[in-house]
4 protein chains.
Amino acid sequence: MPDRSAVKGVLRTQHIETPSWAFGNSGTRFKVFAQEGIPRDAFEKIDDAATVHRFTGVAPSVAVHIPWDAVSDYAELAQHAKNAGVTIGAVNPNVFQDDDYRLGSLCNPDPAVRRKAVGHFLECIDIMDVTGSRDLSVWLADGLNYPGQDSISARQERLEESLRVVYDRLGEQQRMLLEYKFFEPAFYATDVPDWGTSYAHCLELGPKAQVLVDTGHHAPGTNIEFIVALLRRKGRLGGFHFNSRFYADDDLMVGAADPYQLFRIMSEIVFGGGLDPNSGVAFMLDQCHNIEPKIPALIRSVMNVQEATAKALLVDTDALRTAQQAGDVLDANAVLVDAFATDVRPLLAELREDMGLDPDPIAAYHRSGHAAKIRAERVGGAAAGWGA
Amino acid sequence: MPDRSAVKGVLRTQHIETPSWAFGNSGTRFKVFAQEGIPRDAFEKIDDAATVHRFTGVAPSVAVHIPWDAVSDYAELAQHAKNAGVTIGAVNPNVFQDDDYRLGSLCNPDPAVRRKAVGHFLECIDIMDVTGSRDLSVWLADGLNYPGQDSISARQERLEESLRVVYDRLGEQQRMLLEYKFFEPAFYATDVPDWGTSYAHCLELGPKAQVLVDTGHHAPGTNIEFIVALLRRKGRLGGFHFNSRFYADDDLMVGAADPYQLFRIMSEIVFGGGLDPNSGVAFMLDQCHNIEPKIPALIRSVMNVQEATAKALLVDTDALRTAQQAGDVLDANAVLVDAFATDVRPLLAELREDMGLDPDPIAAYHRSGHAAKIRAERVGGAAAGWGA
Amino acid sequence: MPDRSAVKGVLRTQHIETPSWAFGNSGTRFKVFAQEGIPRDAFEKIDDAATVHRFTGVAPSVAVHIPWDAVSDYAELAQHAKNAGVTIGAVNPNVFQDDDYRLGSLCNPDPAVRRKAVGHFLECIDIMDVTGSRDLSVWLADGLNYPGQDSISARQERLEESLRVVYDRLGEQQRMLLEYKFFEPAFYATDVPDWGTSYAHCLELGPKAQVLVDTGHHAPGTNIEFIVALLRRKGRLGGFHFNSRFYADDDLMVGAADPYQLFRIMSEIVFGGGLDPNSGVAFMLDQCHNIEPKIPALIRSVMNVQEATAKALLVDTDALRTAQQAGDVLDANAVLVDAFATDVRPLLAELREDMGLDPDPIAAYHRSGHAAKIRAERVGGAAAGWGA
Amino acid sequence: MPDRSAVKGVLRTQHIETPSWAFGNSGTRFKVFAQEGIPRDAFEKIDDAATVHRFTGVAPSVAVHIPWDAVSDYAELAQHAKNAGVTIGAVNPNVFQDDDYRLGSLCNPDPAVRRKAVGHFLECIDIMDVTGSRDLSVWLADGLNYPGQDSISARQERLEESLRVVYDRLGEQQRMLLEYKFFEPAFYATDVPDWGTSYAHCLELGPKAQVLVDTGHHAPGTNIEFIVALLRRKGRLGGFHFNSRFYADDDLMVGAADPYQLFRIMSEIVFGGGLDPNSGVAFMLDQCHNIEPKIPALIRSVMNVQEATAKALLVDTDALRTAQQAGDVLDANAVLVDAFATDVRPLLAELREDMGLDPDPIAAYHRSGHAAKIRAERVGGAAAGWGA
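Cut-offs and rules
- Throughout, a residue's number is its position along its own chain's written sequence, starting from 1.
- Think of it this way: whatever chain is written first is A, whatever ligand is written first is 1, and the rest follow in order.
- In view of the model being predicted, local features appear only for residues whose pLDDT reaches at least 70, and side-chain atom pairs are presented and counted only at 80 or more, with totals across whole chains, interfaces and linings using the full set of residues.
- Derived side-chain values reflect all non-hydrogen atoms in the structure, with water molecules and hydrogen atoms excluded from consideration.
- The helix count covers DSSP runs of H or I at least four residues long, the strand count covers runs of E at least two residues long, and both are numbered beginning at the N terminus.
- Between the two quantities, the radius of gyration covers C-alpha atoms and the globule rule is 2.2 Å times the number of residues to the power 0.38.
- Relative accessibility decides the category of a residue: with a 1.4 Å probe and only protein chains considered, values under 20% of the type maximum give buried, values over 50% give exposed, and everything between is partly exposed.
- Whether two residues are in contact is decided by their heavy atoms, any of which lying within 4.5 Å being enough.
- Using a 1.4 Å probe, accessible areas were evaluated by the Shrake-Rupley method; residue-level cover was limited to the displayed protein chains.
- Counted as positive: Lys and Arg. Counted as negative: Asp and Glu. His and the chain ends are not counted at all.
- For charged residues, the charge sits on one atom: NZ in Lys, CZ in Arg, CG in Asp, CD in Glu.
- An axis is simply a line fitted to the C-alpha atoms; with a helix, the fit covers only the stretch in contact. Between two such axes, the angle follows the N-to-C directions and lies from 0 to 180 degrees.
- Roughly parallel covers angles under 35 degrees, roughly antiparallel covers those over 145, roughly perpendicular covers 65 to 115, and oblique covers all other angles.
- For a crossing to be left-handed, the near helix must be turned anticlockwise from the far one by less than a right angle; the clockwise case is right-handed.
- In this classification, the charged set is Asp, Glu, Lys and Arg, the nonpolar set is Ala, Val, Leu, Ile, Met, Phe, Trp, Tyr, Cys and Pro, and all remaining amino acids, among them Gly, are polar.
- By definition, the buried area sums, over both parts, the 1.4 Å-probe accessible area that each loses when the two are put together.
- The working definition used for a salt bridge is a side-chain nitrogen of Lys or Arg within 4 Å of a carboxyl oxygen of Asp or Glu.
- Polar contact criterion, stated in full: a pair of N or O atoms within 3.5 Å, where within protein one must be able to donate a hydrogen and the other to accept it, and residues adjacent in sequence count only if both atoms are side-chain atoms.
- Strand pairing is assigned whenever DSSP identifies at least 2 bridges connecting the two strands.
- Crossovers are marked right-handed if the path from the first strand over the helix to the second runs clockwise, as seen with the strands pointing away from the viewer.
- UniProt positions are given in the numbering used here, feature names are shortened, and annotations may be inferred rather than shown by experiment.
- Alignment of copies: least-squares fit on C-alpha atoms of residues with pLDDT of at least 70 in both copies.
- The predictor's confidence in any single residue is recorded as pLDDT, a number from 0 to 100.
- When two rings of Phe, Tyr or Trp (its six-membered ring) have centres within 6.5 Å they constitute a pair, described as stacked for plane angles under 30 degrees, edge-to-face for angles over 60, and tilted for the intermediate range.
- Only lysine NZ and arginine CZ atoms are considered, and such an atom sits over a ring when it is within 6 Å of the ring centre and within 35 degrees of the ring normal.
- When two cysteine sulfur atoms lie within 2.5 Å, the pair is treated as a disulfide.

Peer 1: Would you take a moment to explain the overall build of chain A for this structure?
Peer 2: When helices and strands are tallied, chain A shows 14 helices and 10 strands. For chain A, whose C-alpha radius of gyration is 21 Å, the value lies close to the compact-globule estimate of 21 Å for 388 residues. Each of the 388 residues in chain A was classed as buried or not, and the buried ones make up 68%. For chain A, restricting intrachain contacts to residue pairs at least 6 apart in sequence, the fraction spanning at least 24 positions comes to 78%. On chain A, roughly 12,100 Å² of surface is accessible, and the fraction owed to carbon and sulfur atoms is 50%. Across chain A, 37 positive and 53 negative side-chain charges occur, with their mean positions spaced 1 Å apart.

If you want it as structure tokens, here you go:
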């Protein structure tokens, strides 16, 4: 059985990145419900990320989205983050919200639009140079709504050429994480719909290109932990965008829909050495808190990843291997299930106290009065959202 | 074999209703791409619907959405429609775009919010009285994002009570069409997720409550024509919201994703007598033309429904019944497939000429210069969209 | 917070029915892997069910399948069960394994086949009279593989007529549980594909007809607990066939694929009073242990239902209602999640000891040497399977 | 617009391979319905394949399945095929019907089982040497039913090693086609679940390893033509197993569920040059005719592929490219749709007459009296099925 203090040791160094955009307002195509106390700019979003880190202790970086988080001076933004106790993590370019991108960005039939999109990616790498970010998160909304609308093959050709230019601009310590998505906003074909397409492009590009797994971006029934195991084995798992879903890309809090699945994913990470900081696996959240308050939802999400990780670390791998090699289906399954059935909340409370944190981050956040404070302070100005 | 002129006779009286909101801008949660020549108000939307009818001859009514189509004088709007050659069809209340509806409308835990929503429904019936509309289209965005968020049963109770008030207000010739939807915008549970739930409420309410089938609102793999056959048999098929989808509620042009499915649906309509005007089955479009021009997309959609209907009318029902009763699987299937394989475009061209229309509505529309005309005219003002 | 001893009190009276056929060999269309120690007839299957009950204490009845469990004297079979410490539960007719049923049973276009199928149902009710069974479990393999193969409506008509005859034969204390299934073995349309169809037939038939929910028989993404809540509210939830699935009707051990879903289902049961013996909700397993040993798999399955039930009973319903009424999404969800996160294995170990059972049924079974015993005894004869 | 006689020229050389096993009895896990006139051995199955070719003219080869088609002398079998007017095509090993394969074949934790499975593959290559077959079709039933049952990564390791041995044995002109499957018979994880996994293994193995696309083996909603376009572009599309499905791996007649999808797939083949005999794309059927007669079902299936191909060849690629490059979504889509809407049955009737065939293969088959003949002749002996 895994040693309790060793488990705590690993959990203590866990690093879960929050996304700046999850602190702004979001919604569906039907409605964005406005909340109070929402940040008005990138600085305030970083403050919120720092708040999440202050209560959880394991969320020391925040991903930014350009131009939603565009500022005139990124060194100042990085310094602001540092002062707040966090760092700027992955940079996420946005090539889907300009009218020019109606028919795609890197895959657009118009070369001028492709150049524009590539240009934005290059600017984002410039930003990374300033913020010291390692990862360029590449998600493309490119795709087709109708059969025949464009040539699937020609779009792959354009994608390959566009990504090459971006890849070649990456610095020595920088990486490109290529995200795939089953559908949405394109409704017939997506230009990078599955891990296989992302993997094939990464192979073409080189070792600094890695696959990014967003847990909500799969066909119904897809076994995500299988993909995780495969990509780890191939050395091409760049990281995660964590969230959960019942139907499509619901972007609910990670672990909220199927905690057992999250545990299985984290178990494959543990089995494959992916918690080792040198593994290069980035653990990032990518969620929308459409109807619930943002900061506590993100605290809860970080805790959900922690709980799944703790359970994964508690798997008795010796017993598991023994049962697997004996072909004992029920016993092997039971070893996994036993770890999942364990209540790890006491262990995590203990860990937090070891780290000088409140054992109950949600209660502590509520007691802190922080929500009332930002509601009072953040009056006037435009609340952040997906459009800005 | 069905008689060609009898088929044309039925097709001549077909009635496909267009939705006012499909003429405005729409998009996904990621982006609404603006188009030119978009109507600025309900009057201009009705003009666009009239344009679709002018080129197709079978789209003589337009559904409205309140408050997106709110005007100060609905009699004037009805008269405007009449002058343009169309009528106002179904009225669609909107109880999902007010901040009060964050946790639902008719199912909201707060009775004040439920009263507000019911009030809006009653106002819509007032509008129906003025416009002479028969159908109140009830689609609710109500649902839950997280397990435990609210009581599923309590919400059903509230729904029942709220719908009762609305139902009781319906006039003699008016109906309530209760739409169901598998998911979106709610991501864990929808309060009317399937035809069974809608049907159960309709049974409770009375004969003026009918089920509305939106072809994009089902779980993957659902056999929609089965539902259509069942509801027809039970006398509870109020009508359709037609569109097509590959994944979720994609709202693509009807027939664009799976024309064979549309044909099978229309075949069940033909088999069940649903084309008879007395059947009470309303054939309405409900689509989003996010990246393609609206008016030609709607002309094409109307034509797609026509083509599917024509093929359904060409099914050799005697041969079909004979093969079915003989248990001849291949022959029975072949009878259906043969009708589908038939190219009905010549028949429809002929029908249009009989009706004094151009045999090729899309080409005629392009030749008409109408697109350039509205692009030039509709400058200034706020283009219509889902928000207004 | 729920009282620990009250929770144990409810769990003590829980009644989970095992299926005789799960003790026989099963497999996929590709292969049935034979196991050793498999029962050769209905008597030995009942012995195995009694073994599961002996170790778990909450599985006091066994469902039978006719003709797989056909015997010459059902009174003798019932007495055998009684002697072994269990009773015979639901009777499951089989109208899908005779060549006559190629095109269906109760819906077959040939009236002679329909009569034959109805006759088999009536025989099963005769058996129920002898065994004292309350429930006739009706699952039909009826459906279509190809569009047009038969008339969907005509089949509904035949189904209605056939079920009527069966229903009218039910005794005062007997019920018909009408199961639905999304697909398989029919691949285009199933004659009872969803809860709505089953519910509509039950309404036609009368109060002794109830819907049977097999947890594996839904479209991908279907919210099963919603259906459970709805049917309870309508008084039409007859019971469950429990199993779990990742893809189709995988028939894995209940709780093995998504334990959180099972917990949510059992929570709706608890909220709706469905654990009350007078509620009429039957909790039955319906599984296939294709590659794992049968008896321990069933013990584990019973335990999985127990664990989900225990967690459901631990939901703090006062706190839940308070949070729901306040519209506090995160808190309401957290109340549910907290119950799920609880490790109920100690509570259940304690319950078993209270009941005079070993606290660890799986370990006790392995220690008992029972597996070796039946492997040695059950040599010769034909191992039971789906065909016999 | 494509030239009618050029289109016929391509269709004339089309080559669609039938599967020997589709002539035998098949069914679901619930029941195999026996038919009359079923072949009793590999020779009679080849006779049936020759019958399909005789009526269609484009099915000149038949795939075999070992050991279902095991004979003592494969040269004799090849000669029998030649005499009947066809050749033996792909060889399909079977490593899923021996009790040893309960936990997998090439991925089994037991090295002895892996060796046995590899040995069977090598024997199949020996057979290919004799029959002159080019393709070894590799489909594995390997996978897991329960989380934890075995190590996903270790199984990939074993798979890689096992395939390497098989690959290295391939002759100069031989290929390995590696099929993937989403699920079934494994219900939690499949060892080659998607095209990405197959592609990754093919890359490791070398140029003679190619991906085999079975149209029924995907997650719901998967865009198959996208995969086809991608693999063609990468030079790794080995071929197809054609069939159709509404739900899972239904194995219905190709084109029966979604003829528009089949057309889109064939269009990508045409766009990507995949009809060129040098392209190396094998077009094979893999179906189960559970309730319909086998030979006419296969004739119909061949015709369905022909019709889809004819429509794909009729796409006006110049007009398509022009519309695509102009970003004209509706026009580009309309070009594709117009080809699909064309009734190609007259063209194909003409082609058949050019080839000296009856223009209506199904009617000709029925008139031929062949069904009655084989019903009369094939009495006694064991009808072929999946087990033999």
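Next comes the rest of the description.
Peer 1: What's the story with the packing of helix α4 (residues 111-131) of chain C against helix α5 (residues 152-169) of chain C in this structure? I'm lost.
Peer 2: The description of two helices packed together rests on the angle between their axes and the distance between the axes. All names here are of chain C. Direction vectors running N to C along α4 and α5 enclose 25 degrees, while the axes themselves pass 10 Å from each other. When the axes of α4 and α5 are compared, the pair comes out roughly parallel. Both α4 and α5 take part in a crossing whose hand is right-handed. Together, R114, V118, F121, L122, I125, D126 and D129 of α4 and R158, S162, V165, V166 and R169 of α5 make up the contact between the two elements. Looking at the contact of α4 with α5 residue by residue, the class counts come to 6 nonpolar, 1 polar and 5 charged.

Peer 1: Would you mind going over the interface of chain A and chain B with me for this structure?
Peer 2: When the parts of a complex come together, some accessible area is lost, and that lost area is often used as the size of the interface. Opposite the 42 residues of chain A that make contact, chain B presents 43 residues. In total, chain A and chain B occlude about 4,100 Å² of area from one another, counting both sides; carbon and sulfur atoms represent 63% of this. Inspection of the chain A/chain B interface yields 8 salt bridges. As a salt-bridge pair, D99 of chain A and K31 of chain B come within 3.4 Å of each other at their nearest N and O atoms. Counting across the interface, chain A meets chain B through 20 residue pairs in polar contact (both at pLDDT 80 or more).

Peer 1: What exactly am I supposed to notice about the interface of chain A and chain D here?
Peer 2: Taken together, the contact pairs 49 residues of chain A with 49 residues of chain D. Where chain A abuts chain D, roughly 3,900 Å² becomes buried across the two surfaces, and 60% of that area is made up of carbon and sulfur atoms. Taken together, the connections running from chain A to chain D amount to 6 salt bridges. The partner of E204 of chain D in a salt bridge is K234 of chain A, and the shortest N-O contact between them spans 2.9 Å. For the pair chain A and chain D, the number of links is 16 residue pairs in polar contact (both at pLDDT 80 or more). Mapped onto the side of chain A that touches chain D, the elements with two or more residues apiece are α5 (152-169), β7 (189-190), α6 (195-205), α7 (224-233), α8 (259-271), α10 (317-325) and α11 (329-341) of chain A.

Peer 1: I keep staring at the environment of D168 of chain B and nothing clicks. Help me out?
Peer 2: Inspection of the secondary structure assignment puts D168 of chain B in helix α5 (residues 152-169). The spacing of D168 of chain B and G206 of chain B is 38 residues in sequence and 9.6 Å in space, taken between C-alpha atoms.

Peer 1: Would you mind going over the packing of helix α9 (residues 294-313) of chain D against helix α13 (residues 361-368) of chain D with me for this structure?
Peer 2: Residue and element names in this part refer to chain D. At a minimum axis distance of 10 Å, the contact between α9 and α13 shows a crossing angle of 160 degrees. When the interaxial angle is binned, α9 and α13 end up roughly antiparallel. When the axes of α9 and α13 are compared, the crossing they make is right-handed. Residues I295, P296, I299, R300 and M303 of α9 form the contact with α13, whose own contacting residues are P361, I362 and Y365. Residue composition of the contact of α9 with α13, by class: 7 nonpolar, no polar and 1 charged.

Peer 1: Which parts of the structure should I look at to understand the pairing of strand β9 (residues 237-242) of chain B?
Peer 2: A regular strand places its side chains on the two faces of the sheet in alternate fashion. Residues and elements named next belong to chain B. Counting buried positions along β9 yields 6 of 6 residues, so the element is predominantly enclosed. Where strand β8 (residues 209-214) meets β9, 4 bridges bridge the pair, whose relative direction is parallel. If you follow L212 over to β9, its bridge partner there is G239. Between the parallel pair β8 and β9, the chain is carried across by helix α7 (residues 224-234), and the sense of this crossover is right-handed. Across 4 bridges, β9 lies against strand β10 (residues 282-285) in parallel orientation. Within β10, the residue paired with G239 across the bridge is A282.

Peer 1: So what exactly am I meant to see when it comes to the UniProt feature "domain: Xylose isomerase-like TIM barrel" (unreviewed entry) in chain A here?
Peer 2: In the numbering used here, UniProt assigns the "domain: Xylose isomerase-like TIM barrel" (unreviewed entry) feature to residues 72-250 of chain A. The span residues 72-250 of chain A is 40% helix and 18% strand, and its two end C-alpha atoms sit 33 Å from each other.

Peer 1: Help me understand the relation of the copies chain A and chain D, please; the structure alone is not making it clear to me.
Peer 2: Comparison of the two chain copies shows a relationship of rotation about an axis with a shift along it. For these two chains of identical sequence, chain A goes onto chain D by a turn of 180 degrees and a shift of 0.0 Å along the axis, with RMSD 0.0 Å. Expressed as an axis order, the relation between the two copies is that of a two-fold axis. Proximity to the rotation axis, assessed at the C-alpha, singles out G196 of chain A in chain A; its C-alpha lies 2.0 Å from the axis.

Peer 1: I'm lost on the confidence of the model for chain A in this one. Help?
Peer 2: Chain-level statistics for chain A give a pLDDT mean of 97 and a share of 100% at 70 or above. Here the predicted complex scores 0.98 on pTM and 0.98 on ipTM.

Peer 1: How do you make sense of the packing of aromatic side chains when you look at a structure like this?
Peer 2: The description of an aromatic ring pair rests on the distance of the ring centres and on the angle between the ring planes. Evaluation of the coordinates by the stated rule reveals 82 aromatic pairs over all chains. Where W68 of chain B meets F96 of chain B, the ring centres are 6.3 Å apart and the plane angle is 90 degrees; that geometry is what we call edge-to-face. One end of the pair, W68 of chain B, is in the loop between β2 (61-66) and α3 (74-84); the other, F96 of chain B, is in the loop between β3 (87-93) and α4 (111-131), with 28 residues separating them in the sequence. Residue classification places F96 of chain B among the buried residues on the basis of a relative accessible area of 6%. Grouping aromatic residues by their ring pairs yields a cluster made of F182, F183, F187 and Y188 of chain A together with F246 and Y247 of chain B. The residue whose ring lies beneath K311 of chain A is F340 of chain A, and the NZ or CZ to ring-centre distance is 4.3 Å.

Peer 1: Would you explain the pattern of salt bridges in this entry?
Peer 2: Between side chains of opposite charge, a pair can form when the charged atoms approach closely. Residue and element names in this part refer to chain A. Enumeration over the complete set of coordinates arrives at 132 salt bridges over all chains. Between D150 and R158 there is a salt bridge whose closest N-O contact spans 2.9 Å. Under the relative-accessibility criterion, D150 is labelled buried at 6%. R158 sits in the buried class, given a relative accessible area of 11%.

Peer 1: Sorry, what's going on with the state of the cysteines here?
Peer 2: Cysteine pairs can be linked by a disulfide, which is a covalent bond between their two sulfur atoms. All names here are of chain A. Under the criterion given, the structure shown has 0 disulfides over all chains. You can see C107 has no disulfide; the closest cysteine sulfur is in C202, sitting 14 Å from it. For C107, a relative accessible area of 0% puts it in the buried group.

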